[in-house]
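Chain by chain, the residues:
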Amino acid sequence: MAKRIIMNAFDMNSAMHNSHGLWKHPDNERHHYTDLEYWAEMARLLERGKFDALFLADVVGIYDVYKASADPAIRDAVQVPLNDPALIVPAMASVTENLSFAVTVTTTYEHPYAHARRFTTLDHLTNGRIAWNVVTSYLPNAALNHGLDKMIKHDDRYEVADEFLEVAYKLWEGSWEDEAVVRDIARGVYAEPAKVHRIDHEGRFFRVPGPHLSEPSLQRTPVLYQAGSSERGRAFAAKHAECVFVGGNSKESLKANIQDIRNKAEQLGRDPQSIKMFTGLNVIVGETQEEAEAKLREYAGMWSREAALAQFGGSSGYDLSAYDPDSYLEYRATDHGQSRAAQYTKQVQNRLTVKEVMERIGTLDKGQGRLLVGTSEQIADYMQEQVEETGLDGFNLAHLITPGSLREFVDQVVPELQRRGVYQLDYEAGTLREKLFGSGKRLLPASHPAAQYRRNFEYTR
Ligand SMILES: Cc1cc2nc3c(=O)[nH]c(=O)nc-3n(C[C@H](O)[C@H](O)[C@H](O)COP(=O)(O)O)c2cc1C
């Protein structure tokens, strides 16, 4: 088979994610996000479409930069109201066998000791179908709500993240031996104390003596996803990530970004092919081009400019309402995310005015990344070409109408990709890491930095 395309569905445990304003569409069902059955149905749909994973984004604050107010975000459900992504996973795992779940957790406001236990629990309950999307968080009010005086600076957050991962690796990889739990009734020993190790971590940000509270799960360390694309974010991805979300306005820049992360990983002694690369995708599919374009016009009429600008404000730190609309938007580094603003400044060929940037962000068919509008054949052509020509491994599929757009993708685009031999007809056996990297690859490879924290015990399970 030609290189298979890996698919994640991009979602959030919230009333709205990035389909700004489309909560108003009569077919949108995502206001049922508070019901377990809604998520169970979503998981069944994605498994029917042989998706690799449901990717659950998360933020722990409100988008309140635009107009210096939280009102635009609250009014239009811009990632608020928002529930905890981890808590819906067991319900979805119980109605599926192969679909995996990538859950976003911030290293800035969580603690590695509690986090490691939560993810071991999820890995147990899903039989190894768990990934962790590591984020450092970009909303200043998240810092205030977690008791800090102000947000930690952009690059410093990645320093905390590096140490957070070190602690988590020690707990996941180096604390409990595979043979620690013996349940030996004759000797009266449930677990062998000599096989459960403290980690005695003392660092700049964390002190964790251990041991880990949970016994080892199938993958030990969950599959690691990462999506930061600043200089510091890419260095972090090259060191830790197994799945990376890369951006790029063109095929050339996508290819260059992918190559850059692979090169950086290689310099750190990792196998560059042990990292899977994904990019975002949004599709409007129709039986004919005209049908797809009619849907686009309908959705574009409901798109909320205010919501899109609120999302941009929080993720970039730029309040575009406060700029002179006729001035050119200049890049300036902020302590929010650094890649969002770069998209409209550093990464465009001709400079854009503030008004033009607002127009792009505020209009569905102008600036929403990879939005494909067409027949399933056209969409499959595009996906195949991107994968063949850039080194990409797959996509993170957003959806304008939920779950309708996903259902259309599953019923129309997936069969077309399958006919072309570039999409799985059925799942591989095993954990998520095995499904992505091959049979027997249940644990992180020896070249990954987590491996150095393994003690001298055999991994036998
Ligand atoms: C596909 C994708 C998904 C992301 N999901 C989240 C998320 O759920 N939560 C979050 O805080 N940041 C998320 N981000 C943002 C990045 O993780 C990162 O914080 C942001 O790009 C800023 O970091 P940077 O300045 O290194 O790029 C996502 C980015 C991308 C491209």
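Just so it is clear, the structure is predicted and the values come from calculations on it, not from any experiment.

A short note on the nonpolar core
Reasoning step 1: The biggest cluster of nonpolar side chains holds 79 residues, and the ones touching the most others in it are M7, W39, F51, W132, M383, F409 and L417.
Reasoning step 2: Ranked by residue count, the leading element in this core is helix α6 (residues 154-174), at 10 residues.
Reasoning step 3: The contact partners of W39, leaving out residues within four places of it in the chain, are D11, M12, N13, Y33, L54, L56, I88 and M92.
Reasoning step 4: Counting 27 residues, the second-largest nonpolar core is a separate cluster that includes L22, Y66, F312 and L320.

A word on the pairing of strand β2 (residues 53-57)
Reasoning step 1: When you tally the buried positions in β2, you get 5 out of 5 residues, the bulk of the element.
Reasoning step 2: Regarding topology, helix α1 (residues 36-48) serves as the crossover connection from strand β1 (residues 6-12) to the parallel β2, and that connection is right-handed.

Here we look at α1
Reasoning step 1: Look at α1: 19 Å from first C-alpha to last across 13 residues, which is about the 18 Å you get at 1.5 Å a residue.
Reasoning step 2: K50 sits one or two residues past α1 and shows a positive phi near 55 degrees.

Comments concerning empty space enclosed by the protein
A probe as big as a water molecule, rolled over the atoms, marks out the empty space that is left.
Reasoning step 1: Enumeration over the complete set of coordinates arrives at 1 cavity of 30 Å³ or more.
Reasoning step 2: Quantified by volume, the largest cavity comes out at close to 40 Å³.
Reasoning step 3: For the largest cavity, the full set of lining residues is T120, L171, W172, W176, H212, S214, E215, P216, S217 and R220.
Reasoning step 4: Of the residues assigned to the lining of the largest cavity, the class counts are 4 nonpolar, 4 polar and 2 charged.

Looking at the environment of A102
Reasoning step 1: Along the chain, A102 turns up in strand β3 (residues 100-106).
Reasoning step 2: Sequence separation of A102 and N133 is 31 residues, and the distance between their C-alpha atoms is 6.1 Å.

Criteria and cut-off values
- Residues numbered from 1 in each chain as written.
- Predicted model: local features only at pLDDT ≥ 70, side-chain atom pairs only at ≥ 80, totals over all residues.
- Heavy atoms only, no water.
- Core = buried A, V, L, I, M, F, W, Y, C linked by side-chain atoms within 4.5 Å.
- Buried < 20%, exposed > 50% of the residue type's maximum accessible area, 1.4 Å probe, protein only.
- Helix = DSSP H or I, 4+ residues; strand = E, 2+ residues; numbered from the N terminus.
- Contact = heavy atoms within 4.5 Å.
- Right-handed = clockwise from strand over helix to strand, strands pointing away.
- Expected span 1.5 Å × (residues − 1).
- 1 Å grid on protein atoms, 1.4 Å probe; cavity = no way out; pocket = protein on both sides within 12 Å on 5 of 7 lines; lining within 4 Å.
- Points joined across faces, edges and corners; volume = space filled by probe spheres on them.
- Nonpolar A, V, L, I, M, F, W, Y, C, P; charged D, E, K, R; others polar.

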